[in-house]
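One-letter residues, chain by chain:
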Amino acid sequence: MSAIQIPSELIELRQSIRDFIEREVKPAEAKYAQELQETGAIANAEEEKKKIRRKSAEVGFYQLHMSEELGGAGLSYLGQVLIHEEVYRHGSFLAARGGVLASVEGPTPIFRVASEDLRQRYLEPLMRAEKEMCFALTEPEAGSDATQIRTRAEQKNGVYILNGRKHFITHGAEADFAVVFAVTDMEKGARGGITAFIVEKGWPGFEVTRLQRTASTVDLPAELTFDNVEVPASNVLGEEGQGFYAAMQWINGGRLHIAASALGI
Ligand SMILES: Cc1cc2nc3c(=O)[nH]c(=O)nc-3n(C[C@H](O)[C@H](O)[C@H](O)COP(=O)(O)OP(=O)(O)OC[C@H]3O[C@@H](n4cnc5c(N)ncnc54)[C@H](O)[C@@H]3O)c2cc1C
């Protein structure tokens, strides 16, 4: 006997996602069957995933995990686990990470602390899968212990000047903007001295300096360098000094998705 009674509406939702994968994803992926078999990847995966993402956003799957206040469906954690498990169950290259459901490139509950202006400029296009982001916390000297980050943001004449280097950033090369965590108060550090900023690709001083290799043959995380990047104060995400707490909340939600995806595989 199952320990958890899964509500019928979640079973229906899971079936709808299954149908979407059969109808929209598998035919698109079939074109690449030989390439996938020979290389384990699809060379223009990003373009194909973008199309899947947009369709998923149109039917409302891509934003299911977001709260109703942020324009999502407010799907429960149980529901989120079920649909992640379902998506990965198909062994589909295009459905997985950032295909049918949002991953780091997509809308994230971290926008709960965003101003109305930031929600309009950045969250809304993310919800429609028209823009993509990346989450830039890790640094060469600060991985497991992210409290040790050294990227600095100093306030001068109404803007923040950002300097530092992030690495292993998933989707770093493709993203339209990055949520970057930087130290605004060295003394306080992670206890009120780390702030989150939205930094757009193309702003002077913001460069993708290299692609990196991990055990994955598919994802190439990126190193991002910030050299005196001017960030307007309006692009502070949440309150100054509260960035580390926001990052940890975001990561905790992501952990659940990753675990559920692993169950599906
Ligand atoms: C594929 C991939 C994608 C990633 N995507 C992102 C992303 O999008 N954004 C982002 O910000 N970061 C990302 N990361 C970075 C990830 O968060 C870090 O790799 C992780 O935090 C570990 O840091 P590290 O690699 O510096 O390892 P380290 O912290 O150097 O750890 C190395 C080893 O030492 C162990 N260790 C560390 N500290 C201790 C301790 N005190 N006691 C005992 N053992 C210890 C660890 O368990 C590990 O086995 C990604 C990493 C990978 C591999």
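Residues numbered from 1 in each chain as written. Predicted model: local features only at pLDDT ≥ 70, side-chain atom pairs only at ≥ 80, totals over all residues. Heavy atoms only, no water.

Focus on the site of the ligand
Under the convention used in this document: We call a residue near a given molecule or strand whenever any one of its heavy atoms falls within 4 Å of it. Identification of polar contacts relies on pairs of N or O atoms within 3.5 Å, with a donor-acceptor requirement for protein atoms, meaning one able to donate a hydrogen and the other able to accept it, and with residues adjacent in sequence counted only if both atoms are side-chain atoms. Computed with a 1.4 Å probe, the accessible areas rest on the Shrake-Rupley method; for each residue, only the protein chains presented here act as cover.
Contacts to the ligand come from Phe135, Leu137, Thr138, Gly143, Ser144, Phe168, Ile169, Thr170 and Thr214. Ser144 is positioned such that a nitrogen or oxygen atom in its side chain is 2.7 Å from an oxygen atom of the ligand. One of the backbone nitrogen or oxygen atoms of Phe168 is found 2.9 Å away from a nitrogen atom of the ligand. When isolated, the ligand has an accessible area of 970 Å², and the protein chains bury 40% of it.

Thoughts on the domain arrangement of the protein chain
Rules: The source of the domain bounds is an automatic or database domain assignment. Contact criterion: two residues are considered in contact whenever any of their non-hydrogen atoms come within 4.5 Å of each other. In this description, buried area is defined as the sum, over both parts, of the accessible area (probe of 1.4 Å) that is lost when the two are combined. Helix numbers and strand numbers start at the N terminus; a helix is a DSSP run of H or I with at least 4 residues, a strand a run of E with at least 2. Three classes are used, and their members are as follows: Ala, Val, Leu, Ile, Met, Phe, Trp, Tyr, Cys and Pro are nonpolar, Asp, Glu, Lys and Arg are charged, and the others, Gly among them, are polar.
We note that the domain assignment places domain 1 (8-129 + 251-264) and domain 2 (133-247) within the protein chain. Relative placement of domain 1 and domain 2: their C-alpha centres are 24 Å apart. In this assembly, 19 residues from domain 1 lie in contact with 22 residues from domain 2. Summed over both partners, the interface of domain 1 with domain 2 comes to about 1,700 Å²; 68% of that surface belongs to carbon and sulfur atoms. Per-residue buried area on domain 1 facing domain 2 is highest for Val104, Ile110 and Tyr122; these three make up 34% of the total on that side. Summed over the shared surface of domain 1 and domain 2, the result is six residue pairs in polar contact (both at pLDDT 80 or more). If you list the elements that add at least two residues to the side of domain 1 that touches domain 2, you get α3 (45-59) and α5 (116-127). Sort the elements by how many residues they give to the side of domain 1 that touches domain 2 and α5 lands first, with five residues. Its residues placed into classes, the side of domain 1 that touches domain 2 shows ten nonpolar, three polar and six charged.

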